[in-house]
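# Observations on the three-dimensional arrangement
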Amino acid sequence: FFFQAEDGIRDAQESRGLGDVYKRQIQIGALYPFARNHNDWYAISQELYALGDTVLEASRANLRLRYSLLKHYYTLFLKGRGTGTIFRPVFFSFPDDEILYVDSVLNEQFMIGEELMATPAVYRNTSLVIAYFPEDRWYSFYDGSVWNNGARSRLKRLSVPLEAKVPLFLRGGYIIPKQSASKVRRIDDLNDCFKLVVALKPNNDKTLGAQGVLAAPADIFDENLVTNDCVEGDCLLSIVAKVSGDNLTLKVVGRTVNSHISPIQIISLRLYGLPKLPSGAGDALVERDGKQEKFKTMITRFPHYVKLRFEPPISTCSGISMNVTLNSVSYTHLTLPTIYSV
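Attention here is on the structure that accompanies the text. If you're wondering where the values come from, they're calculated on a predicted model, not measured in any experiment.

## Examining the overall build of the chain
- When helices and strands are tallied, the chain shows 6 helices and 20 strands.
- Contacts spanning at least 24 positions in sequence make up 63% of the contacts within the chain whose residues lie at least 6 apart.
- Working note: accessible area of the chain is about 16800 Å², and carbon and sulfur atoms make up 50% of it.

## What to know about the side chain of Ser68
- Mapping Ser68 onto the fold places it in helix α3 (residues 53-68).
- A polar atom in the side chain of Ser68 sits 2.7 Å from the backbone oxygen of Leu65.
- For Ser68, the contacting residues outside a window of four places in its chain are Pro177, Lys178, Gln179 and Ala181.

## Looking at the sheet that holds strand β3 (residues 116-118)
- Strand order across the open sheet formed by 6 strands is β1-β2-β3-β8-β5-β6, with antiparallel pairing between neighbours. The sheet is open, and its two edges are formed by β1 (87-88) and β6 (146-149), each paired on a single side.

## What about the state of the cysteines?
- Within this structure, the stated rule accounts for 1 disulfide.
- Put simply, Cys230 and Cys235 are joined by a disulfide, and their sulfur atoms are 2.0 Å apart. Classification of the bridge connecting Cys230 and Cys235 rests on its S-S torsion, roughly 110°, and on that basis the disulfide is right-handed.

## What to know about the nonpolar core
- By size, the foremost hydrophobic cluster in this structure holds 28 residues, and its most contacted members are Leu196, Val198, Leu269 and Leu308.
- Counting residues per element, the ones that place at least two in this core are β10 (193-199), β12 (208-215), β13 (236-244), β14 (247-254), β15 (264-272), β17 (291-301) and β18 (305-316).
- Judged by nonpolar contacts, the second largest core, of 23 residues, contains Ile28, Leu31, Leu116 and Val166.

## A look at the environment of Val240
- Tracing the backbone through its elements, the reader meets Val240 in strand β13.
- Once the C-alpha coordinates of Val240 and Gly173 are considered, the two residues, 67 residues apart in sequence, prove to be 9.6 Å apart.

## A few points about the environment of Asp136
- If you trace the backbone, Asp136 turns up in the loop between β4 (128-133) and β5 (137-140).
- By relative accessible area, Asp136 is classed as buried at 6%.
- A C-alpha to C-alpha distance of 9.9 Å links Asp136 and Trp147, two positions 11 residues apart in sequence.
- Non-local contacts of Asp136, meaning those with residues more than four positions away in its chain, are made with Phe94, Asn148, Asn149, Gly150, Arg171, Gly172 and Lys201.
- In terms of polar contacts, Asp136 uses its side chain to reach the side chain of Lys201, at 3.0 Å.

What counts and how
- Residues numbered from 1 in each chain as written.
- Predicted model: local features only at pLDDT ≥ 70, side-chain atom pairs only at ≥ 80, totals over all residues.
- Heavy atoms only, no water.
- Helix = DSSP H or I, 4+ residues; strand = E, 2+ residues; numbered from the N terminus.
- Contact = heavy atoms within 4.5 Å.
- Areas by Shrake-Rupley, 256 points an atom, 1.4 Å probe, with all protein chains shown as cover.
- Polar contact = N/O pair within 3.5 Å; in protein donor to acceptor, adjacent residues only side chain to side chain.
- Pairing = 2+ DSSP bridges.
- Disulfide = S-S within 2.5 Å.
- Core = buried A, V, L, I, M, F, W, Y, C linked by side-chain atoms within 4.5 Å.
- Buried < 20%, exposed > 50% of the residue type's maximum accessible area, 1.4 Å probe, protein only.

Structure below.
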């Protein structure tokens, strides 16, 4: 798949009025695994910065989204080990839902892995999208608001401004690692610091839970290292979160004893789907290899989610097991044992 702006526009007069088309194309194209702006020798310049200020702003917003999720894309490819696709129709995840085979849904919505669903605007001269949410719990990826509580399938009306990011929804029960892309101009600018977005879903034991994976080779963009650490070995971290009452447990561990994991840093957690929204501040007591260390922990309440930020970020290459009390806390307690030596 690739992003292709209007191909073969010969002059400025012909391109007039196509700014809205460019914005829509960059919204959807920024999420394609393979994304590029296509042009030909005889057409006018159509670099994104040459198409006007509003196209430039829409491009910045959506390309920052792409780069913030780029290591998640790599993780999905490595998890699949060369089989299947990560960019897929929604019915791949919900094969028994007949509505997902209807053209208006089949052609206009898509999944990224099992976790994320996009509902882009694909028609000119409208900002209205009628999105179909299969039977499951769905959160806005951006602010944690609930768009379907999982009771049944639903149709929802969305407003998608031309300068906005593409509508993106996180499925309950999954965790997405994302990164800051504010100063990223190329993939080499991405560091090993992650913000975990945790979309909680009720479990049968009346707790809330979510899980995810994160690829952490020494250099995710070095093909030789990735082949050695991830294809012939295993460089994936398993992430599991569970909330019981006011207690959060988070475990991040290598999936096998022979995991090839490089150090990563966890900057913060976003918790979507909590029945109560706590806030507070205190010290996180970290135990690692028999030693204790304190981390300042800020718990901030937003309209639809709670954010936990660790200062300094928590670093690990072997795995962590974390327990946090989610009320108006003075102290939170975390334990980081060495689970698998690397």
